[in-house]
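Survey of secondary and tertiary structure
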2 protein chains.
Amino acid sequence: MSAIRVPVVEKIFSANDRIANQNKTLMAENNVYAINIMASPGAGKTSFILQTIKRLQSEFMIGVIEGDTAPVTIDSDKVIAAGMPAVQINTGGDCHLDAVMMSEGLNQLPLADLDVVIVENVGNLICPAAFDLGTNINLLIASVPEGDDKPYKYPNIYRGLDILIINKIDLEPYVQFDMDYFTHGVQLLNPGLTTFPVSCRTEEGFEPWIDWLRAEILKAKQG
Amino acid sequence: MSAIRVPVVEKIFSANDRIANQNKTLMAENNVYAINIMASPGAGKTSFILQTIKRLQSEFMIGVIEGDTAPVTIDSDKVIAAGMPAVQINTGGDCHLDAVMMSEGLNQLPLADLDVVIVENVGNLICPAAFDLGTNINLLIASVPEGDDKPYKYPNIYRGLDILIINKIDLEPYVQFDMDYFTHGVQLLNPGLTTFPVSCRTEEGFEPWIDWLRAEILKAKQG
């Protein structure tokens, strides 16, 4: 079975990469900087996006693509309530966004008016890692109550990251989470990975992330 | 593309169901009661299994099949340290266990000596829901810090459940979690679903779950 299966998977991946490159070109033509946000269910993707929008919406126009496995618009509604355009992609039960879905999402956004597109991928630590969307960066949100062993158990998603956010640091006193053990695991997989610890609830830790992101957006616009 | 894809998926599912039925027969012949435990990464599957073993190991022999996406034996080591046999299945990056992997796991366990097999599925709220393993029950562990909107966002996994555990109830004072909203979502998808709120950390709430499970194991042995 595996002898039949591997070539099929490779074919899908290369088709995905072709579309991802088209997405990348389209966004570059429109001067749009894009972020693919991945995480477990409930790590705080939507809250993190809303906190980021709040801090940058006076400087940049930000659109959001919301990936959901079901036709619920809970997250998209929150983004629209925050005053930014959002598109919901219902994967129909699929466990990740792919470059084709991303392309469909981009077609629904007013790209020429946007500076940034944030993609909220489906909540899943495994499958989204295998599908490039064409974004400038891949970002993972880990969260303290998930536990400190996640890099060891879900290594693939850590390997492909550009940015790691550690959310819910306000819960550290109430759960068992050894930051050194967690960080050691991350460093084994992705040495030097830029990491920002934050709490979306208490709003601590956001300034360094926002400063980093602002600089990246401006650099991409110049470059 | 979808016209080509759907029949292939159906074929895989029916092959999976065939093997799942063989697993069910094998376990029934050995008087083994089996539980498929699903959850997001970090909801507390391993802790829940260890708490359950601790409370039942004087009455029953319990074997564990640990599904992991990577060759790490963190969870299996904990079960073996608790004095019970464990088998690790490394899915090689795959996002769920299927009935074939389950069958391979069962072949590695001393089934004739066991009363119970607990399967720790891969941490994922989407893909495991589609693959029957042949267990007596499908159990989901939700956890309070994941948020109260998960039934609305990941409905498929809630639809096929026999038991719902709500873990980390000790964190309720520190996070936003509306139990009524969560429960309403669950009831829409799976009316009357038997639910046990627990905390693996403080160990509260375990008695009703253990009483329920003990009765089910004994009933299956008699029937």
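Everything numeric here is computed off the predicted structure, so don't read it as measured data. (Residues numbered from 1 in each chain as written. Chains lettered and ligands numbered in written order. Predicted model: local features only at pLDDT ≥ 70, side-chain atom pairs only at ≥ 80, totals over all residues. Heavy atoms only, no water.)

**Notes on the overall build of chain A**
Cut-off, in case you're wondering: Strands here mean DSSP runs of E at least two residues long; helices mean DSSP runs of H or I at least four residues long; both are numbered from the N terminus. We compute the radius of gyration over the C-alpha atoms and compare it with the globule rule, which gives 2.2 Å times the number of residues raised to the power 0.38. Each residue is placed in one exposure class: buried if its accessible area under a 1.4 Å probe, protein chains only, is under 20% of its type's maximum, exposed if it is over 50%, and partly exposed if it falls in between. Every residue pair with non-hydrogen atoms within 4.5 Å of one another is taken to be in contact. Every accessible area reported is derived by Shrake-Rupley at a probe size of 1.4 Å, with residue values counting cover from the shown protein chains alone.
A count of helices and strands for chain A gives 8 helices and 7 strands. Its C-alpha radius of gyration of 17 Å places chain A within 12% of the 17 Å reference for a compact globule of 223 residues. Dimensions of chain A, computed from C-alpha atoms along their principal axes, come out at roughly 55 × 45 × 35 Å. Relative to its full complement of 223 residues, chain A shows a buried share of 56%. For chain A, long-range pairs separated by at least 24 residues make up 75% of all intrachain contacts whose partners lie at least 6 apart in sequence. Of the accessible surface of chain A, which amounts to about 9300 Å², a share of 52% is contributed by carbon and sulfur atoms.

**A short note on the packing of aromatic side chains**
Test applied: Here a pair means two rings of Phe, Tyr or Trp (six-membered ring of Trp) with centres within 6.5 Å. Their orientation is stacked below 30 degrees between planes, edge-to-face above 60, and tilted elsewhere.
Applying the stated criterion across every chain yields a total of 17 aromatic pairs over all chains. Look at Tyr174(A) and Tyr174(B): their rings are 3.6 Å apart centre to centre, the planes differ by 10 degrees, and that puts the pair in the stacked class. Here the residue Tyr174(A) occupies a position in the loop between strand S6 (163-167) and helix H7 (179-189), and Tyr174(B) occupies one in the loop between strand S6 (163-167) and helix H7 (179-189), the pair thus bridging two chains. Take Tyr174(B): its relative accessible area is 27%, and that puts it in the partly exposed class. Both rings, one in Phe177(B) and one in Phe182(B), keep their centres 5.3 Å apart while their planes meet at 45 degrees; by these two values the pair is tilted. With respect to burial, Phe177(B) and Phe182(B) carry one shared label: buried.

**Structural notes on the pattern of salt bridges**
For the record, the criterion: Salt bridge criterion: a side-chain nitrogen from Lys or Arg within 4 Å of a carboxyl oxygen from Asp or Glu.
Evaluated as defined, the whole model comprises 20 salt bridges over all chains. With its nearest N and O atoms 3.1 Å apart, the salt bridge here joins Asp211(A) to Arg214(A). With a gap of 3 residues between them, Asp211(A) and Arg214(A) both fall in helix H8 (residues 206-222), about one helical turn apart. The partly exposed category is assigned to Asp211(A), whose relative accessible area is 40%. The partner of Asp115(B) in a salt bridge is Lys221(B), with the nearest N and O atoms 2.9 Å apart. Here Asp115(B), found in the loop between helix H4 (99-107) and strand S4 (116-120), pairs with Lys221(B), found in helix H8 (residues 206-222); they are 106 residues apart in sequence, far enough to count as distant. One connected set of salt bridges, linked through shared partners, spans Asp75(A), Asp149(B), Lys150(B) and Lys153(B).

**Some thoughts on the relation of the copies chain B and chain A**
These two copies of the chain differ by a rotation about an axis and a displacement along the same axis. Basically, it comes down to this: Least squares is the method for superposing the copies, and the C-alpha atoms it fits come from residues with pLDDT of at least 70 in both.
The two copies are related by a screw operation: chain B maps onto chain A through 180 degrees of rotation and 0.0 Å of translation along the axis, at an RMSD of 0.0 Å. On the angle and the small slide along the axis, the relation comes out as a two-fold axis. The overlap is high: 100% of the interface residues of chain B also sit at the interface in chain A, so the same surface is used on both sides.

**A short note on the packing of helix H2 (residues 45-56) of chain B against H8(B)**
Two quantities define a packed helix pair, namely the angle between the axes and the distance from one axis to the other. Residue and element names in this part refer to chain B. Where we set the bar: Angles shown run from 0 to 180 degrees and are taken between the N-to-C directions of axes, each axis being a line fitted to C-alpha atoms and, for helices, limited to the stretch in contact. Orientation labels follow simple angle bins: below 35 degrees gives roughly parallel, above 145 gives roughly antiparallel, 65 to 115 gives roughly perpendicular, and whatever is left gives oblique. By the definition used in this description, the sense in which the near helix is turned from the far one sets the handedness, with an anticlockwise turn below a right angle giving left-handed and a clockwise turn giving right-handed. Each residue is assigned to one class: nonpolar for Ala, Val, Leu, Ile, Met, Phe, Trp, Tyr, Cys and Pro, charged for Asp, Glu, Lys and Arg, and polar for all the others, Gly among them.
Remark: H2 packs on H8, axes separated minimally by 11 Å, with the N-to-C direction vectors making an angle of 65 degrees. Comparing their axes, H8 and H2 come out roughly perpendicular. Handedness of the crossing formed by H2 with H8: right-handed. Each of Phe48, Gln51, Thr52, Arg55 and Leu56 in H2 lies in contact with H8, whose residues at this interface are Phe206, Trp209, Ile210, Leu213, Arg214 and Ile217. Each residue belonging to the contact of H2 with H8 can be placed in one class, and the counts come to 7 nonpolar, 2 polar and 2 charged.

**A closer look at the interface of chain B and chain A**
Condition: Contacts described as polar in this section are N or O atom pairs within 3.5 Å, which, within protein, must combine one atom able to donate a hydrogen with one able to accept it, while residues neighboring in sequence count only if both atoms come from side chains.
Listed by partner, the interface residues are 37 residues for chain B and 37 residues for chain A. For the interface between chain B and chain A, the tally reads 2 salt bridges. When the shortest N-O distance is used, the salt bridge between Lys153(B) and Asp75(A) registers 2.8 Å. At the junction of chain B with chain A, the criterion picks out 10 residue pairs in polar contact (both at pLDDT 80 or more).

**Describing the sheet that holds strand S7 (residues 194-197) of chain A**
Residue and element names in this part refer to chain A. The test is simple: Criterion used throughout: strands pair if DSSP finds at least two bridges between them.
Within the open sheet, the 7 strands sit side by side as S3-S2-S4-S1-S5-S6-S7. Their pairing is parallel. Looking along the sheet, the strands with just one partner apiece sit at the ends: strand S3 (86-90) and S7. On average, adjacent strands in this sheet sit at an angle of 20 degrees to one another, irrespective of strand direction. Relative to strand S4 (residues 116-120), strand S1 (residues 33-39) runs parallel, the two sharing 5 bridges.

**A few points about the sheet that holds S6(B)**
The pairing of strands in a sheet happens through backbone hydrogen bonds and is either parallel or antiparallel. Residues and elements named next belong to chain B. The 7 strands are arranged S3-S2-S4-S1-S5-S6-S7 in an open sheet whose pairing can be described as parallel. Strands at the two margins of the open sheet, each flanked by one partner only, are strand S3 (86-90) and strand S7 (194-197). The average angle at which neighbouring strand axes cross in this sheet is 20 degrees, direction not considered.

**A few points about helix H4 (residues 99-107) of chain A**
All names here are of chain A. This is how the line gets drawn: To obtain the arc, one takes the directions from the helix axis to the C-beta atoms.
All buried positions along H4 are accounted for by Ala99, Met101, Met102, Gly105 and Leu106. Buried positions in H4, seen along its axis, are confined to an arc of 155 degrees and lie on one side of it. Structurally, the start of H4 carries an N-cap: the backbone nitrogen of valine 100 is 3.1 Å from a side-chain oxygen of aspartate 98.

**So, the pairing of S1(A)**
Residues and elements named next belong to chain A. When you tally the buried positions in S1, you get 7 out of 7 residues, the bulk of the element. Residue alternation in S1 divides its side chains into two sets, Tyr33, Ile35, Ile37 and Ala39 and Ala34, Asn36 and Met38, and both sets are buried. Where S1 lies against strand S5 (residues 137-143), 5 bridges are found, and the strand directions are parallel. Bridge pairing in S5 links asparagine 36 to asparagine 138.

**As for the confidence of the model for chain A**
Cut-off, in case you're wondering: Every residue carries a pLDDT, the predictor's confidence in it, which falls somewhere between 0 and 100.
Of the residues in chain A, 94% have a pLDDT of 70 or more, and the chain-wide mean is 93. What the predictor reports for the complex is a pTM of 0.91 with an ipTM of 0.88.

**Describing the pairing of S5(A)**
All names here are of chain A. With 7 of 7 residues buried, S5 is to be regarded as a mostly interior element. Burial along S5 is two-sided: Ile137, Leu139, Ile141 and Ser143 facing one way and Asn138, Leu140 and Ala142 facing the other are all buried. With 5 bridges connecting them, S5 and S6 associate as parallel partners. Counterpart to leucine 140 in the pairing with S6 is leucine 164.

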